[in-house]
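Residue-level listing of the chains:
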Amino acid sequence: KGQVDIHNIRKSFGNTEVLQGVSLSVPPGGVTVIVGPSGSGKSTLLRTINHLEKVDGGFITIDGELVGYQARGNKLHELRGKDILKQRTNVGMVFQNFNLFPHLTALENVAEAPIVAQKRSKAEARKRGLELLDRVGLKDRADAYPRQLSGGQQQRVAIARALALEPKILLFDEPTSALDPELVNEVLDVIRELATSGTTLIVVTHEMGFARDVADTVVFIDQGRIIESGAPQDIFSNP
Ligand code: ADP
Ligand code: ADP
């Protein structure tokens, strides 16, 4: 589970078409790394996968189900807010700037969604939250607030939070771009560990070493189009 199929999607902002017919199949359980220049549409592409951006053309399916739409008879209906949220529990997302709730502790950040979205008991959500913080090496910082944590630690909390709803797919939008260089590896190491977990990972990054070592597939995007995709040894070989 966790297959993503992107079919010829188009997306414009104003008169600029930032995705110009992008198609991509992401098999379950693998690591797909998306690289390309700034402004080429990588973040927009990622955001279409959990319907944070609506597409203007084409469609996306996750395990065969249309993202943002539902077929009824032979007509397509756009999902309502509640159903979009339900669909999004399949897809976790980690942002460049962590986006933690500043007024909640690390543990509360991780436990919040299971309590609200899955109606877990507080005790259950905290227990599971501690396990997830342990997994990202932060069990001892459970009661710290985001401002008391380093950027690398905040991002690891954000990863634990994204895992809390047990998504089939995890999206990473430049997860290390906001970090001081010496903190990059502690976050990449957590993602490396997740790569063996069976969750589908789609990672937008400028970290080419990470792409080379961890990706099953590297996708190179420029100006809203996929220019090249393949195994890292093929993409990074010097002809
Ligand atoms: P990347 O992630 O590759 O840096 P983005 O997907 O963030 O690229 O952006 C692609 C282009 O779309 C850029 O020119 C950006 O300014 C533009 N863009 C992104 N989001 C919006 C938006 N909400 N409104 C208008 N333009 C946007
Ligand atoms: P990223 O670094 O992930 O590509 P950006 O810093 O480009 O993101 O954009 C941050 C936010 O601003 C995003 O939600 C994006 O959709 C929006 N955005 C980007 N470019 C524009 C733009 N030209 N006009 C309006 N919103 C934009």
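These numbers come from a predicted model, not from an experiment.

Enquirer: Tell me about a positive patch on the surface, residues and numbers included.
Expert: The grouping of Arg72, Arg80, Lys82 and Lys86 at the surface amounts to a positive patch. Tracing the backbone shows lysine 82 in helix H2 (residues 81–88).

Enquirer: So what's going on with empty space enclosed by the protein? Which residues, and what values?
Expert: Per the counting criterion, the structure on display carries one cavity of 30 Å³ or more. Considered as a void within the structure, the largest cavity measures approximately 50 Å³ in volume. Residue contributions to the lining of the largest cavity peak at three residues, all from H2. Of the residues belonging to the lining of the largest cavity, the class tally is five nonpolar, three polar and one charged.

Enquirer: So, the sheet that holds strand S3 (residues 31–35): which residues are in play, and what are the values?
Expert: Spatially, the six strands line up as an open sheet ordered S8-S9-S10-S3-S11-S12, and their pairing is mixed. If you trace the sheet from one side to the other, it starts and ends with strand S8 (91–94) and strand S12 (225–230), each paired once. Looking at each pair of strands side by side, their axes are set apart by 15 degrees on average, direction ignored. Across five bridges, the pairing between strand S9 (residues 169–173) and strand S10 (residues 200–204) is parallel. Of the residues in S10, the one forming a bridge with leucine 170 is leucine 201. Sheet contacts for helix H5 (residues 151–163): S8 and S9; angle to S8, the most-contacted strand, approximately 170 degrees.

Enquirer: Quick rundown of the environment of phenylalanine 98? Include the residues and the values.
Expert: Relative to the helices and strands, phenylalanine 98 resides in the loop between S8 and helix H3 (106–118). For the pair formed by phenylalanine 98 and alanine 158, sequence separation is 60 residues and the distance between their alpha carbons is 5.9 Å. With residues up to four places along the chain from it excluded, the contact list for phenylalanine 98 reads Gly151, Gln154, Gln155, Ala158, Arg161, Ala178 and Leu179.

Enquirer: Outline the site of ligand 2, listing residues and values.
Expert: As a matter of local geometry, ligand 2 sits amid Ser43, Arg47, Glu53, Gln96 and Asp173. Glutamine 96 has a polar side-chain atom sitting 3.2 Å from an oxygen atom of ligand 2. Contact between ligand 2 and aspartate 173: an oxygen atom at 3.4 Å from a side-chain N or O atom of the residue. Starting from 550 Å² of accessible surface for ligand 2 in isolation, the protein chains cover 25%. Residue classes in the shell around ligand 2 are distributed as no nonpolar, two polar and three charged.

Calculation criteria
- Residues numbered from 1 in each chain as written.
- Chains lettered and ligands numbered in written order.
- Predicted model: local features only at pLDDT ≥ 70, side-chain atom pairs only at ≥ 80, totals over all residues.
- Heavy atoms only, no water.
- Patch = residues over 30% accessible without salt bridge, like charges linked within 9 Å, V, L, I, M, F, W, Y side chains within 5 Å.
- Areas by Shrake-Rupley, 256 points an atom, 1.4 Å probe, with all protein chains shown as cover.
- Salt bridge = Lys/Arg side-chain N within 4 Å of Asp/Glu carboxyl O.
- Lys, Arg positive; Asp, Glu negative; His and termini not counted.
- Charge placed at Lys NZ, Arg CZ, Asp CG, Glu CD.
- Helix = DSSP H or I, 4+ residues; strand = E, 2+ residues; numbered from the N terminus.
- 1 Å grid on protein atoms, 1.4 Å probe; cavity = no way out; pocket = protein on both sides within 12 Å on 5 of 7 lines; lining within 4 Å.
- Points joined across faces, edges and corners; volume = space filled by probe spheres on them.
- Nonpolar A, V, L, I, M, F, W, Y, C, P; charged D, E, K, R; others polar.
- Pairing = 2+ DSSP bridges.
- Axes fitted to C-alpha atoms, helices over the stretch in contact; angles between N-to-C directions.
- Contact = heavy atoms within 4.5 Å.
- Near = heavy atom within 4 Å.
- Polar contact = N/O pair within 3.5 Å; in protein donor to acceptor, adjacent residues only side chain to side chain.

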